[in-house]
Amino acid sequence: TGGERWLDNSGWLNETIPYCQWYGLACNDKNEIIEVNLKNNNVTGGILPLRAFSQLTELDLSGNKLSGEIPMRFASFFPNLGHIDVSNNEFVGCADMTFSSDTFYANYSNNKFSCASFKKYNPADEGLEVV
């Protein structure tokens, strides 16, 4: 992901700093990562391996140089995800997203997707905004 070239990589390249203190990460009181916000930070390469962050509520990777395909049903890996923004990158392929009922904001715009499919777990939830 080009961490050494990020605009702010505070903590990421230093194994002695606890990850909850790394730039762009926020944790809950159990030290579980709940937010990843690396917006406009010159992050490059493919999507970060975030699947282990089951408590994630916010993911903002917008305005970077991320590329490749987003894994199928990527958003469904995070049952508590309320906000996801991967806009203004260079993602390709099909954006096949299934959101939880907690998702209220999703932005996948300004990428190079060839197709898109957006679904949510609970069709009765009218608060989802897909941009």
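Residues numbered from 1 in each chain as written. Predicted model: local features only at pLDDT ≥ 70, side-chain atom pairs only at ≥ 80, totals over all residues. Heavy atoms only, no water.

A. Seen up close, the pairing of strand 5 (residues 65-69). With 2 bridges joining them, strand 3 (residues 44-45) and strand 5 adopt parallel strand pairing. Residue G45 lies in a different strand from strand 5, and its bridge partner there is L66. As paired elements, strand 5 and strand 7 (residues 90-99) share 3 bridges and run parallel to each other. Bridging across to strand 7, E69 finds its partner in V92. (Pairing = 2+ DSSP bridges. Helix = DSSP H or I, 4+ residues; strand = E, 2+ residues; numbered from the N terminus.)

B. How the structure looks around the side chain of S62. Position of S62 relative to the elements: it lies in the loop between strand 4 (58-60) and strand 5. The class of S62 is buried, set by a relative accessible area of 4%. (Buried < 20%, exposed > 50% of the residue type's maximum accessible area, 1.4 Å probe, protein only.)

C. Highlighting the nonpolar core. Counting residues in hydrophobic clusters, the biggest one holds 25 residues, and the most contacted among them are V36, L59, L61, F74, I84, M97 and Y108. Counting only elements with at least two residues in this core, the list comes to strand 2 (33-37) and strand 7. (Core = buried A, V, L, I, M, F, W, Y, C linked by side-chain atoms within 4.5 Å.)

D. Structural detail: the confidence of the model for the chain. Mean pLDDT over the chain: 86, with 89% of residues reaching 70 or higher. Looking across the chain, the model is least confident in strand 10 (residues 129-130), with a mean pLDDT of 54, and most confident in strand 1 (residues 25-27), with 96. (pLDDT = per-residue confidence, 0-100.)

E. Local environment of the environment of N111. As for its position among the elements, N111 is in the loop between strand 8 (105-107) and strand 9 (112-120). Aside from chain neighbours lying at most four places away, what touches N111 is V86, S87, N88, N89, E90 and F91. Only 3.3 Å separates the side chain of N111 from the backbone nitrogen of E90, close enough to count as a polar contact. From its side chain, N111 meets the backbone nitrogen of F91 in a polar contact 3.1 Å long. (Contact = heavy atoms within 4.5 Å. Polar contact = N/O pair within 3.5 Å; in protein donor to acceptor, adjacent residues only side chain to side chain.)

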